[in-house]
Amino acid sequence: MPTDVIMPQMGESIFEGTITKWLKKAGDRVEKDEPLFEISTDKVDAEIPSPEAGVLIEIRIGEGATVEVNTVVAVIGEAGDAMAAPAAAAQTAAEQVPQSPVQESAATQLPPPQVAQAQGRTRSSPLARRIAKEHGIELGRIAGTGVGGRIGKDDVLRAAQSVAAQSPVQRAAPPQVAAATQLPPPQVVPLTRMRAIIAERMVESVRTSPHVYTLYRVDMTRIARLREQHRTAFERRHGAKLTYMPFISAAAVAALRRFPIVNASLEKGASLESGDGGLAIRYHRTIDLGIAVALEGGLIVPVVRHAEQQSFAALARTIADLALRARTKKLLPDEVGGSTFTLTNAGAFGGEFGMPIINQPESAILAVGGLRKEPAVVTDADGNDSIAIRSMQYFCLGFDHRLIDGADAGKFMHEFKKTLENWTQEIG
């Protein structure tokens, strides 16, 4: 019997998804769990595996279409199925859907690719970036023909061939002269599905929660030394790199257990007395820790479920595994959404600290700043002060002032800071 392939529900609050790419075409043989198509939702970009082995006999939903979860998007059967012929026709029809004005412009009216300039951040594949670097080509001067103006391998190769065909005089022309005479008007492309929904969620969060921030400077010298001492043995024993994130996560969990209001959420009350705004506080029984992971063109927040029950080593393994599968689009539906508190690494790209937007319906989010060696005043047991080089890091807690007062936020951050500066937990 043929098997229906459905649009999966990637998280409890997700109701639709967009098919961004089919990795197989009608008539192709597929194995069970082999990547079949890519989707984009407001929570995740992911590769969806085939539910069964067989032949992809029908593609019902084409690339770029947005459908509700549980919609049948394709059918898998055997090569002799009677549906195979009409399926191929459906695939061909899907490929012949008229392009949008932006797509037509990219396909038929693009200027010479070596001088095309995209507005804003250049989107490109890792392979395209490597080829561009090898040929000394600036990606910002290439017009991508992929979805949303994404630059692919073929775009770079065409640009390289065009540059090679130029005369030595043309290649030697000053860049500013070439830009003045050859650059086309800025290219306008639609937001990707992920980018559009992120934008919507960020505006919604700012409108919903009165954001307040408190910033703490934490002496991470003890943690830095422990990490350096144990990193090799830890990786050999547990198969995961010993980064700073497990230490930070464990300290956050310890503070959340002491101050559960920071792990709580506001929600509409069913039968509350008038005058309270119709809201109630939900104290979550578990700590489900969201870890923000940057993706090309967006971000995703996979969740460490029941973080309060995990050992330090288990936290490290789980965080490393979720981050890797988030970047390779291998997350499962129940690993996205439903977090109660989120960590975001604002210092990953060199920033001192960040002031993050709350991940609704949570009430707080903690931004991790960059780790720096700095001179600091150190006081010994006898009260004597001295200047020493210490590993310092800023942490910024953003919180919903409807629910969390400044005093609660301060107590939480004091506990978090104390745990890191006086670390006693077994690393394993």
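See the structure shown above.
First, a word on scope: everything that follows refers to the structure included in this document. (Residues numbered from 1 in each chain as written. Predicted model: local features only at pLDDT ≥ 70, side-chain atom pairs only at ≥ 80, totals over all residues. Heavy atoms only, no water.)

Quick look at the environment of Val-301
Put simply, the test is: Under the scheme used here, helices are H or I runs from DSSP no shorter than 4 residues and strands are E runs no shorter than 2 residues, and both carry numbers assigned from the N terminus. In this analysis, two residues are considered to be in contact whenever any of their non-hydrogen atoms come within 4.5 Å of each other.
With respect to the secondary-structure elements, Val-301 resides in the loop between strand S14 (298-300) and strand S15 (303-304). In sequence terms Val-301 and Asn-359 are 58 residues apart; their C-alpha atoms lie 9.1 Å from each other. Setting aside anything within four residues of it in sequence, one finds Val-301 in contact with Gly-290, Ile-291, Ala-292, Glu-335, Val-336, Gly-337, Thr-342 and Asn-359.

A word on the packing of aromatic side chains
Using the following cut-off: To pair, rings of Phe, Tyr and Trp, with the six-membered ring standing in for Trp, must have centres within 6.5 Å; the planes then decide the type, stacked if under 30 degrees apart, edge-to-face if over 60, and tilted in the middle. Whether a residue is buried, partly exposed or exposed follows from its accessible area with a 1.4 Å probe, protein chains only, as a fraction of its type maximum: under 20%, in between, or over 50%, in that order.
The final tally for this structure, using the stated rule, is eight aromatic pairs. Seen in terms of ring centroids, Phe-234 and Phe-312 are 6.1 Å apart; in terms of plane orientation they differ by 75°. Their pairing is edge-to-face. One end of the pair, Phe-234, is in helix H8 (residues 221-238); the other, Phe-312, is in helix H10 (residues 312-327), and 78 residues separate them in sequence. With relative accessibility at 0%, the residue Phe-234 sits in the buried group. Residue Phe-312 is classed as buried on the basis of its relative accessible area of 1%. Measuring from centroid to centroid gives 5.8 Å for Phe-312 and Trp-423, while their planes differ by 75°, and the two rings are edge-to-face. Taken together, the residues Phe-312 in helix H10 and Trp-423 in the segment after helix H11 (406-421) connect sequence positions 111 residues apart. A relative accessible area of 3% places Trp-423 in the buried class. A connected cluster of aromatic rings, assembled from ring pairs, spans Phe-234, Phe-247, Phe-312 and Trp-423.

Structural notes on the sheet that holds strand S6 (residues 54-59)
What counts, and what does not: Strand pairing is defined by DSSP finding a minimum of two bridges between the two strands.
The four strands lie next to each other as S1-S8-S6-S3, forming an open sheet whose pairing is antiparallel. Of all strands in the sheet, those with a lone pairing partner are strand S1 (3-6) and strand S3 (29-30), marking the two edges. Bridge analysis of S6 against strand S8 (residues 72-77) gives four bridges, and the strand direction is antiparallel. By the bridge assignment, Ile-59 is partnered in S8 with Ala-74.

Looking at the sheet that holds strand S16 (residues 341-345)
What counts, and what does not: To obtain an axis, a line is fitted to C-alpha atoms, over the contacting stretch when the element is a helix, and the angle between two such axes runs from 0 to 180 degrees between their N-to-C directions.
Taking strand neighbours across the sheet as the criterion, the six strands line up as S9-S18-S17-S16-S12-S15 in an open arrangement whose pairing is mixed. Only two strands of the sheet have a single partner each, and these edge strands are strand S9 (211-219) and S15. As paired strands, strand S12 (residues 289-291) and S15 are joined by two bridges and run antiparallel to one another. Bridge pairing in S15 places Gly-290 opposite Val-303. The sheet strands contacting H11 are S9, S16, strand S17 (364-379) and strand S18 (385-400), and the helix crosses S9 at an angle near 20°.

Some remarks on the packing of helix H9 (residues 245-258) against H11
Angle between the axes and distance between the axes: these two values describe a pair of packed helices. Cut-off, in case you're wondering: By definition in this entry, angles of less than 35 degrees are roughly parallel, angles greater than 145 are roughly antiparallel, angles of 65 to 115 are roughly perpendicular, and the rest are oblique. Left-handed is the label given to a crossing in which the near helix is rotated counterclockwise from the far helix by less than a right angle, and right-handed is the label when the rotation is clockwise.
Interaxial distance between H9 and H11 falls to 8 Å at its minimum, and their mutual angle equals 135°. Here H11 runs oblique to H9, going by the angle between their axes. In the packing of H9 onto H11, the handedness of the crossing is right-handed. Packed against H9, whose contacting residues are Phe-247, Ile-248, Ala-251, Ala-252, Ala-254, Ala-255, Leu-256 and Arg-258, the element H11 presents Phe-412, Glu-415, Phe-416, Thr-419 and Leu-420 at the interface.

Quick look at the environment of Pro-210
One can find Pro-210 in the loop between helix H7 (193-208) and S9. On the basis of relative accessible area, Pro-210 is assigned to the partly exposed category, the value being 37%. C-alpha separation for the pair Pro-210 and Gly-398, spaced 188 residues apart in sequence, amounts to 9.8 Å. When neighbours within four sequence positions are excluded, Pro-210 is seen to be in contact with Phe-399, Asp-400, His-401 and Arg-402.

A few points about H8
To be explicit about the condition: By this rule the span expected of a helix is its residue count minus one, scaled by 1.5 Å. In this scheme, the bend at a residue equals the angle between the axes fitted to the seven residues that finish there and the seven that begin there.
Counted at 1.5 Å a residue, the expected span for H8 with its 18 residues is 26 Å, and the 24 Å between its end C-alpha atoms agrees. The largest bend in H8 is about 55°, located at His-230. Those residues of H8 not exposed but buried are Thr-221, Ile-223, Ala-224, Leu-226, Arg-227, Phe-234 and His-238. Gly-239 sits one or two residues past H8 and shows a positive phi near 70°.

Side note on the nonpolar core
The criterion, for reference: Remark: nonpolar core denotes a set of buried residues (Ala, Val, Leu, Ile, Met, Phe, Trp, Tyr, Cys) joined through side-chain atoms within 4.5 Å.
Of all hydrophobic cores here, the largest spans 76 residues; its most connected members are Val-73, Phe-341, Phe-395, Phe-416 and Leu-420. The element that contributes the greatest number of residues to this core is H9, accounting for nine residues. When sequence neighbours within four positions are dropped, the list of residues in contact with Val-73 reads Val-5, Ile-6, Met-7, Ile-19, Trp-22, Phe-37, Ile-59, Arg-60, Ile-61 and Val-67. One finds Ile-131, Ile-137, Ile-142 and Ala-160 within the second-largest nonpolar core, a separate group that totals nine residues.

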